[in-house]
Amino acid sequence: MQIPHDTRRALDVVVALVNTAAEADQPDGLADLGSLRAFVREYDISDVGELGARDLAGVRTVRGKFAQVFAAPTARAAASLINELVATAGTTPQLTDHDGYDWHVHYFAPGASLGDHLAADGGMALAFIVVAGEQERLRRCEAPDCRRAFVDLSRNRSRRYCDSRTCGNRLHVAAYRARRKEADAGPADHSEQEQVVHAGQQQQGADHP
C-alpha cells in the first residue's frame, strides 16, 4: 500500500498516541505534562507552543477518539468518528516545506492547540486509510496479553501482531515449545498406558486362574 510520507508520519503519531493509554500491565504514558512534552519531542511535532494542563486534557481526549476509530466495526462508523474529529479541530489545509521536508500538507490551523493539531493531522491520515478502502488495516495486536494498536501495511493484510513487544515472536516460540513438550511427552504417555493395560491383564489373570 502506497502512503505519502507525511500521511505515514501522521499515522505513526496516531498509533503512538493510542498506545500511551493505560493498560493492565502499563501506566498511562501521558500521566503528566512532562510525559506530554517528551511525546512531542520524540515524534518531532512541529509548531507546538508552551504546553499546559488544558493541552494534556485535550490530547487525552483526542487519544480516546483515535482509539474509537481503531475499534470502529465498519468504514462508515470510522468515517463518522473521523468527520467529528476534523470538524472539531477546525481543519485548515496548508502546503508547507518546513525544516527541510519536501512540500506536504498540514491540516491544523495556525496557532491550534496541540489537541486540535493532532486531531486534524491524525484525523486526515486516518481519512486517507478509509478513502482507500483499507479501514481493516487499523488493528489491535492479537496477542492474548497485548492490545496495542498498529496499522497493517503488509501486502496481503495478514499482519496480526504489533512489533513493539515482539508479540509474534513470543507466541511462535511459545507454540514451538508447546509442540516440543507434547512431542516429548507423547511416547512416555504411551508407555505408561501400556504398563496400565499390562497390569490390568495380570490382575485379570490372578482373578481367573
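Fair warning: this is a prediction, and the values are worked out from it, not measured in the lab. (Residues numbered from 1 in each chain as written. Predicted model: local features only at pLDDT ≥ 70, side-chain atom pairs only at ≥ 80, totals over all residues. Heavy atoms only, no water.)

**Q** Can you walk me through the overall build of the protein in this structure?
**A** Regarding its fold elements, the protein presents six helices and four strands. The N-to-C order of helical and strand elements in the protein reads α-α-α-α-β-β-α-β-β-α. The buried share among the 209 residues of the protein stands at 35%. For the protein, restricting intrachain contacts to residue pairs at least 6 apart in sequence, the fraction spanning at least 24 positions comes to 52%. (Helix = DSSP H or I, 4+ residues; strand = E, 2+ residues; numbered from the N terminus. Buried < 20%, exposed > 50% of the residue type's maximum accessible area, 1.4 Å probe, protein only. Contact = heavy atoms within 4.5 Å.)

**Q** Just to check I follow, could you spell out helix α4 (residues 75–89) for this structure?
**A** The periodicity of an α-helix, 3.6 residues per turn, causes residues three or four places apart in sequence to face the same way. End to end, α4 covers 21 Å across 15 residues, agreeing with the expected 21 Å (1.5 Å per residue, within 8%). Those residues of α4 not exposed but buried are Ala78, Leu81, Ile82, Leu85, Val86 and Ala89. Considered in projection along α4, the buried side chains sweep an arc of 125° and stay on one side of the axis. Looking at α4, the residues exposed on the side facing more than 90 degrees away from the buried face are Arg76, Asn83, Ala87 and Thr88. Buried-residue contacts for α4 involve α3 (53–71) and α5 (114–131). (Expected span 1.5 Å × (residues − 1). Arc of directions from axis to C-beta.)

**Q** Help me out: how do you make sense of the pattern of salt bridges in this one?
**A** Pairs can form between side chains of opposite charge whenever their charged atoms are close. Counted according to the given criterion, the structure contains 12 salt bridges. For arginine 37, the salt bridge goes to glutamate 50, with nearest N and O atoms at 3.7 Å. Here the residue arginine 37 occupies a position in helix α2 (residues 33–42), and glutamate 50 occupies one in the loop between α2 and α3, the gap between them amounting to 13 residues. Looking at arginine 37, the relative accessible area reads 32%, which means it is partly exposed. Classification of glutamate 50 as exposed rests on a relative accessible area of 69%. Residues aspartate 163 and arginine 159 are paired through a salt bridge, measuring 3.8 Å at the closest nitrogen-oxygen approach. Residue arginine 159 is classed as partly exposed on the basis of its relative accessible area, which comes to 25%. Among the ionic contacts, a cluster of salt bridges with common partners joins Glu134, Glu136, Arg137, Arg139, Asp152 and Arg157. (Salt bridge = Lys/Arg side-chain N within 4 Å of Asp/Glu carboxyl O.)

**Q** Would you take a moment to explain helix α1 (residues 5–18) for this structure?
**A** Between the first and last C-alpha of α1 there are 20 Å, a value that for 14 residues agrees with the 20 Å anticipated at 1.5 Å per step. Turning to α1, its buried residues number three or more, namely Thr7, Ala10, Leu11, Val13, Val14, Val15, Ala16, Leu17 and Val18. Where the residues of α1 are buried, they touch α2, α3, α5, β3 (138–140) and β4 (149–151).

**Q** Looking at this structure, I do not really get the side chain of serine 35. What am I missing?
**A** Tracing the chain through its elements places serine 35 in helix α2. Serine 35 gets classed as buried once you look at its relative accessible area, which sits at 19%. A distance of 2.7 Å separates a polar side-chain atom of serine 35 from the backbone oxygen of aspartate 32. Non-local contacts of serine 35, meaning those with residues more than four positions away in its chain, are made with Gly29 and Leu30. (Polar contact = N/O pair within 3.5 Å; in protein donor to acceptor, adjacent residues only side chain to side chain.)

**Q** Hey, could you run me through unusual backbone geometry in this one?
**A** Among all residues except glycine, the phi angle is most often negative; among peptide bonds, the trans geometry is most common. Residues other than glycine seldom take positive phi values, yet aspartate 44 does so here, at roughly 50°. Within the secondary structure layout, aspartate 44 lies in the loop between α2 and α3. We note that aspartate 47 has phi near 55°; this positive angle belongs to a residue other than glycine. Taking relative accessible area as the criterion, aspartate 47 reaches 57% and is therefore assigned exposed.

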